[in-house]
Amino acid sequence: MMTLREFVRSTPFFIIAHRGASGEAPENTLAAVRIALEGGAKMVEVDLQVSHDDQLMVFHDNILGRTTNGHGYVKNHDAGELRQLDAGTWFAPQFAGEPIPFLHEVLDLIK
């Protein structure tokens, strides 16, 4: 496996998927990461928030209302509560029920 420095120097350009394939799937979801990888992204940028029970959740905003059916601050909810929220319907009906992922799930997907 080559280092990031070696990769950047050996490649004239590469695709970095911002919040996954956020133009094709709800941002910072496993669906967005999967689509980014299938589309040839060499890197995936995601955002992290910490839940009330200190779990790393892949989520951009510090409040839940923009991209989920939840309310309030991410940090005030346990991971189990956050996982029950719908992070996909706001984007398109086919992503209904898409959960907020744990960081370890994204890492497992991009291995």
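Colleague: Before we go on, may I ask you to explain the overall build of the protein chain in this structure?
Modeller: The helix and strand tally for the protein chain stands at four helices and four strands. Counting from the amino terminus, the protein chain carries its helices and strands in the arrangement α-β-α-β-β-β-α-α. Principal axes of the C-alpha set define a box for the protein chain whose edges measure 45 × 30 × 20 Å. At a minimum sequence separation of 6, the contacts of the protein chain that also span at least 24 residues come to 49%. Side chains of the protein chain carry 9 positive and 15 negative charges; the gap between the two charge centres is 9 Å.

Colleague: Just to check I follow, could you spell out the environment of V106 for this structure?
Modeller: Relative to the helices and strands, V106 resides in helix α4 (residues 103-110). Placed 76 residues apart in sequence, V106 and L30 show a C-alpha to C-alpha distance of 6.5 Å. Not counting residues within four places of it along the chain, the set of residues in contact with V106 comprises L30, V33, V46, V58 and P101.

Colleague: Can you help me understand unusual backbone geometry in this one?
Modeller: With the exception of glycine, most residues fall at negative phi, and the peptide bonds are largely trans. A positive phi angle, close to 60°, is found at R19, a residue other than glycine. By the element assignment, R19 lies in the loop between β1 (16-18) and α2 (30-38). If you check the backbone angles, D54 has positive phi at about 65° while not being a glycine. Following the sequence through the fold, D54 ends up in the loop between β3 (48-50) and β4 (56-58).

Colleague: Help me understand empty space enclosed by the protein, please; the structure alone is not making it clear to me.
Modeller: To locate leftover empty space, one rolls a probe as large as a water molecule over the atoms. Going through the model one piece at a time under the given rule, you end up with one cavity of 30 Å³ or more. The volume enclosed by the largest cavity comes to roughly 60 Å³. If you go around the largest cavity, you meet 13 residues; those closest to its centre are E27, N28, T29, F59 and T67. Classifying every residue of the lining of the largest cavity gives eight nonpolar, four polar and one charged.

Colleague: Looking at this structure, I do not really get the nonpolar core. What am I missing?
Modeller: Within soluble globular proteins, side chains that are nonpolar generally end up buried alongside one another. Counting 10 residues, the largest nonpolar core is built from M57, F59, L64, V74, A79, L82, L85, A87, I100 and F102. With residues near it in sequence (within four places) discarded, F102 still touches Q55, L56, M57, V58, A79 and R83.

Colleague: Please explain α2 as it appears in this structure.
Modeller: Turn by turn, an α-helix covers 3.6 residues, leaving residues three or four places apart pointing in a common direction. All of the buried residues along α2 are L30, A31, A32, V33 and A36. Along its buried surface, α2 packs onto β1, β2 (43-45) and α4. G40 sits one or two residues past α2 and shows a positive phi near 100°.

Colleague: Can you walk me through the pattern of salt bridges in this structure?
Modeller: Pairing is possible between side chains that carry opposite charge, provided their charged atoms lie close to one another. Taken as a whole and judged by the stated rule, the model has six salt bridges. As a salt-bridge pair, E27 and R19 come within 3.3 Å of each other at their nearest N and O atoms. What makes E27 buried here is its relative accessible area of 13%. The residue K111 makes a salt bridge to D108 at a minimum N-O spacing of 3.7 Å. Looking at K111, the relative accessible area reads 81%, which means it is exposed. Several salt bridges share partner residues, and in doing so they unite R19, E27, D47, D61 and R66 into one network.

Definitions and limits used
- Residues numbered from 1 in each chain as written.
- Predicted model: local features only at pLDDT ≥ 70, side-chain atom pairs only at ≥ 80, totals over all residues.
- Heavy atoms only, no water.
- Helix = DSSP H or I, 4+ residues; strand = E, 2+ residues; numbered from the N terminus.
- Contact = heavy atoms within 4.5 Å.
- Lys, Arg positive; Asp, Glu negative; His and termini not counted.
- Charge placed at Lys NZ, Arg CZ, Asp CG, Glu CD.
- 1 Å grid on protein atoms, 1.4 Å probe; cavity = no way out; pocket = protein on both sides within 12 Å on 5 of 7 lines; lining within 4 Å.
- Points joined across faces, edges and corners; volume = space filled by probe spheres on them.
- Nonpolar A, V, L, I, M, F, W, Y, C, P; charged D, E, K, R; others polar.
- Core = buried A, V, L, I, M, F, W, Y, C linked by side-chain atoms within 4.5 Å.
- Buried < 20%, exposed > 50% of the residue type's maximum accessible area, 1.4 Å probe, protein only.
- Salt bridge = Lys/Arg side-chain N within 4 Å of Asp/Glu carboxyl O.

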